[in-house]
Amino acid sequence: MTEKLLSPLRTRPWPERWLTRALGAALASAAYLVCVAWTGASGPGALVLAVLLLLLAAYFGRRDDLAWPLLLVAVPPATLMYISHPQGYDNWPDETEWPLQWAFATLVIGAGVLVASSVGRRFRPCEEDSTEGLLSAHRC
């Protein structure tokens, strides 16, 4: 069972690969909805969301190519944040500030996901290269 959960996705059959990716995007969306949309974006909710997204990004960074964690973990919360923008609230900042706040939050989420997925990639098992004896940039 551990082999299935930790092996690279490119070695798995395509239905399992895409089901795992869809589940990752659903988990990122659910984390945003539970931690921010229902509990509020204040302290604990945002911190729990950050930890969950970083763990999810590290997991997908270990299992998949570098671009997939960004698409699976960072895009769903950013999209939900953009869609769920409350309009017409009296206590919400000026409408002209919202695009900048959203862009900054998206940038922070994306950067965090890229860093966490890069760290996850460092824990990948080494694969045997067919070019043994040649120097390569990849280190185990």
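What comes next concerns the included structure. For every chain, the first residue of the written sequence is number 1, and numbering continues from 1 along that sequence. Totals for whole chains, interfaces and linings use all residues, but because this is a predicted model, local features are given only for residues with pLDDT of at least 70 and pairs of side-chain atoms are given and counted only at 80 or more. Here the side-chain values reflect all heavy atoms present in the structure, with hydrogen atoms and water set aside.

**Notes on the environment of Val 51**
- Along the chain, Val 51 turns up in helix α3 (residues 43-63).
- Along the backbone, Val 51 and Ala 31 are 20 residues apart, and their C-alpha atoms lie at a distance of 10.0 Å. Helical segments are the DSSP runs of H or I of at least four residues, strand segments are the runs of E of at least two, and each set is numbered from the N terminus.

**Some words on a nonpolar patch on the surface**
- On the surface, Leu 47, Val 51 and Leu 55 cluster together to form a nonpolar patch covering roughly 310 Å² of accessible area.
- Mapped onto the secondary structure, Leu 47 falls in helix α3. Patch rule: a residue counts if its relative accessible area is over 30% and it has no salt bridge; like charges are joined within 9 Å, and nonpolar side chains (Val, Leu, Ile, Met, Phe, Trp, Tyr) within 5 Å. Each accessible area is a Shrake-Rupley result for a 1.4 Å probe, and residues are judged covered by the shown protein chains and nothing else. Any carboxyl oxygen of Asp or Glu that lies within 4 Å of a side-chain nitrogen of Lys or Arg is treated as forming a salt bridge with it.

**Re the packing of aromatic side chains**
- We call Phe, Tyr and Trp rings a pair once their centres come within 6.5 Å, taking the six-membered ring for Trp, and we label the pair stacked below 30 degrees between planes, edge-to-face above 60, and tilted otherwise. Counting across every chain of the model gives 3 aromatic pairs.
- Here, over-ring charges are defined by two tests on the NZ atom of lysine or the CZ atom of arginine: distance to the ring centre within 6 Å, and angle to the ring normal within 35 degrees. Directly above the aromatic system of Trp 18 lies the positively charged group of Arg 21, at a separation of 4.7 Å from the ring centroid.
- Between Arg 21 and the ring centre of Trp 68, over which it is positioned, the NZ or CZ distance is 4.1 Å.

Geometric values such as these leave the question of function open.
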